[in-house]
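The chain contents come next:
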Amino acid sequence: NVAKVEAGDIVVFTNNEKGDSQGAQGKGRMMVLINAPCGEVWKHLTTFEKQHEFMPHLQSITMYRHEGNLYGLQQTLKIVLKTVTYHVLQTRDDESHVLRFELDRSKPNDIVETKGSWVLTPHGERKTIAVYQVQVDSGFKVADFLQNFVMNYDLQNLAQALRRRSESGGTYTKSRQRSM
């Protein structure tokens, strides 16, 4: 897989099934090589107030809690015709460039479950391998083929967005992509 990533490919693995809610549940893992140092990529992953500018589907993100390396974030996404709001608790390790998140069950959420992580690893000179893992149970009834398509497509788009934002030094935005 590292050879594919080094060749510029985005490597995606998905596993979709019915969750505890009998709604669509997906698990995915994505790897991408970004031509920027870890610190640059990390900056874009952790500057949450600007993520809506480049992250697919993300309309807004608001911090409601901050204690040390723990952040509570309310995220609102527009997926197809549905707007979904949920809350995550995010733990960051700035030194090792690892970010973990899980659903904050103490808050109201439009989804049943989400948890995952981002791990950034230096690769050669001024390059980073980003690995993203996620598990989501939307609670929505969705056909398996559609769930598979959305998970694969979204992980590809997420990788491209982070790559473009990091490699552009922070100038890439979703609106610039649409106008191209």
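Just above sits the structure.
Treat the numbers as computed from the prediction; the structure is a model and nothing was measured.

A. A look at the nonpolar core. In terms of nonpolar packing, the biggest core is built from 36 residues, with Met30, Trp118, Tyr132 and Leu162 touching the most fellow members. Residue contributions to this core peak at 5 residues, all from helix H3 (residues 144-167). Every residue in contact with methionine 30, bar those within four places of it in the chain, is listed here: Ile10, Val11, Val12, Trp118, Ala130, Val131, Tyr132, Leu155 and Ala159. Counting residues in each nonpolar core, the second largest holds 6 residues, with Val5, Val11, Leu33 and Val131 among its members.

B. Local environment of a nonpolar patch on the surface. On the surface, a nonpolar cluster with roughly 340 Å² of combined accessible area is contributed by Ile79, Val80 and Leu81. Take leucine 81: it is sitting in the loop between strand S4 (70-79) and strand S5 (82-93).

C. Spatial organisation of the packing of aromatic side chains. Inspection of the entire model under this criterion finds 2 aromatic pairs. Taken together, a centroid distance of 6.3 Å and an interplanar angle of 20° make the contact between phenylalanine 101 and tyrosine 132 stacked. With phenylalanine 101 in strand S6 (residues 98-103) and tyrosine 132 in strand S8 (residues 128-137), the pair connects residues that are 31 residues apart, well separated along the chain. The class of phenylalanine 101 is buried, set by a relative accessible area of 12%. For tyrosine 132, a relative accessible area of 10% puts it in the buried group.

Criteria and cut-off values
- Residues numbered from 1 in each chain as written.
- Predicted model: local features only at pLDDT ≥ 70, side-chain atom pairs only at ≥ 80, totals over all residues.
- Heavy atoms only, no water.
- Core = buried A, V, L, I, M, F, W, Y, C linked by side-chain atoms within 4.5 Å.
- Buried < 20%, exposed > 50% of the residue type's maximum accessible area, 1.4 Å probe, protein only.
- Helix = DSSP H or I, 4+ residues; strand = E, 2+ residues; numbered from the N terminus.
- Contact = heavy atoms within 4.5 Å.
- Patch = residues over 30% accessible without salt bridge, like charges linked within 9 Å, V, L, I, M, F, W, Y side chains within 5 Å.
- Areas by Shrake-Rupley, 256 points an atom, 1.4 Å probe, with all protein chains shown as cover.
- Salt bridge = Lys/Arg side-chain N within 4 Å of Asp/Glu carboxyl O.
- Phe/Tyr/Trp six-rings, centres within 6.5 Å; stacked < 30°, edge-to-face > 60°.

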